[in-house]
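Understanding the architecture of this molecule
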Amino acid sequence: QVQLVESGGGLVQPGGSLRLSCAASLSLFSMYAMRWYRQAPGNERELVATLNSAGTTTYADNVKGRFNISRDNTKSTVYLQMNSLKVEDTAVYYCNAFLVRTHEYWGHGTQVTVSS
């Protein structure tokens with residue numbers, strides 16, 4: 001059974017940092033594009049960052065220069081380093097693994113709250 005387990009969320013003050021992790025029980029993990037999404041209350045789910053199997057990264061405009069996605073294929077884990085956090089970054093953050101349409105998986109999410 002495929003599982004994606006996020007961790008590292010929590011409460012942080014504006015300007016602070018958090019590092020999210022997503023451990024995946026996936027065979028052929030290195031072939032998957034790994035993504036982080038987030039969803040704030042009342043908002044649609046938003047794609048935050050993508051790291052594909054070739055190592056190419058893309059970011060939403062509102063996190064560029066502040067967030068960094070990385071992966072460790074030996075640990076089947078993807079990370080999201082979040083710096084200079086803002087109140088508007090408050091959301092539930094979800095890990096996503098995508099290979100093809102029939103092989104897409106989601107984690108259950110981890111709450112990130114940015115507040116003073």
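Residues numbered from 1 in each chain as written. Predicted model: local features only at pLDDT ≥ 70, side-chain atom pairs only at ≥ 80, totals over all residues. Heavy atoms only, no water.

1. Regarding the overall build of the chain
Counting its secondary structure elements, the chain contains zero helices and eleven strands. When its helices and strands are written in sequence order, the chain yields β-β-β-β-β-β-β-β-β-β-β. Scaling as 2.2 N^0.38, a compact globule of 116 residues should have a C-alpha radius of gyration of about 13 Å, and the chain matches this with 13 Å. Across its three principal axes, the chain shows a C-alpha extent of roughly 40 × 25 × 25 Å. For the chain, the proportion of its 116 residues judged to be buried stands at 41%. For the chain, the share of sequence-separated contacts (at least 6 apart) that also reach a separation of at least 24 residues comes to 52%. Working note: accessible area of the chain is about 6300 Å², and carbon and sulfur atoms make up 48% of it. Across the chain, the centroid of the 10 positively charged side chains sits 5 Å from that of the 8 negatively charged ones. (Helix = DSSP H or I, 4+ residues; strand = E, 2+ residues; numbered from the N terminus. Rg over C-alpha atoms; globule rule 2.2 N^0.38 Å. Buried < 20%, exposed > 50% of the residue type's maximum accessible area, 1.4 Å probe, protein only. Contact = heavy atoms within 4.5 Å. Areas by Shrake-Rupley, 256 points an atom, 1.4 Å probe, with all protein chains shown as cover. Lys, Arg positive; Asp, Glu negative; His and termini not counted. Charge placed at Lys NZ, Arg CZ, Asp CG, Glu CD.)

2. Some remarks on unusual backbone geometry
Working note: non-glycine residues mostly have negative phi, and peptide bonds are mostly trans. Not every positive phi belongs to a glycine, and Ser 76 is a case in point at roughly 50°. Tracing the backbone through its elements, the reader meets Ser 76 in the loop between strand S7 (67-72) and strand S8 (77-82). If you check the backbone angles, Ser 84 has positive phi at about 50° while not being a glycine. Structurally, Ser 84 is set in the loop between S8 and strand S9 (91-100).

3. Here we look at the packing of aromatic side chains
Under the counting rule described, the total for this entry stands at two aromatic pairs. Taking 6.3 Å as the distance between ring centres and 45° as the angle between the ring planes, the aromatic pair formed by Tyr 32 and Tyr 105 counts as tilted. You can see Tyr 32 sitting in the loop between strand S3 (18-24) and strand S4 (33-39) and its partner Tyr 105 sitting in strand S10 (residues 103-106), a full 73 residues away along the chain. What makes Tyr 32 buried here is its relative accessible area of 4%. Both rings, one in Tyr 37 and one in Trp 106, keep their centres 4.8 Å apart while their planes meet at 50°; by these two values the pair is tilted. Residue Tyr 37 is found in strand S4, and its partner Trp 106 is found in strand S10; the two are separated by 69 residues along the sequence. Residue Tyr 37 is classed as buried on the basis of its relative accessible area of 14%. When its relative accessible area of 35% is taken as the criterion, Trp 106 is described as partly exposed. The residue whose ring lies beneath Arg 35 is Phe 98, and the NZ or CZ to ring-centre distance is 4.9 Å. (Phe/Tyr/Trp six-rings, centres within 6.5 Å; stacked < 30°, edge-to-face > 60°. Lys NZ or Arg CZ within 6 Å of the ring centre and 35° of its normal.)

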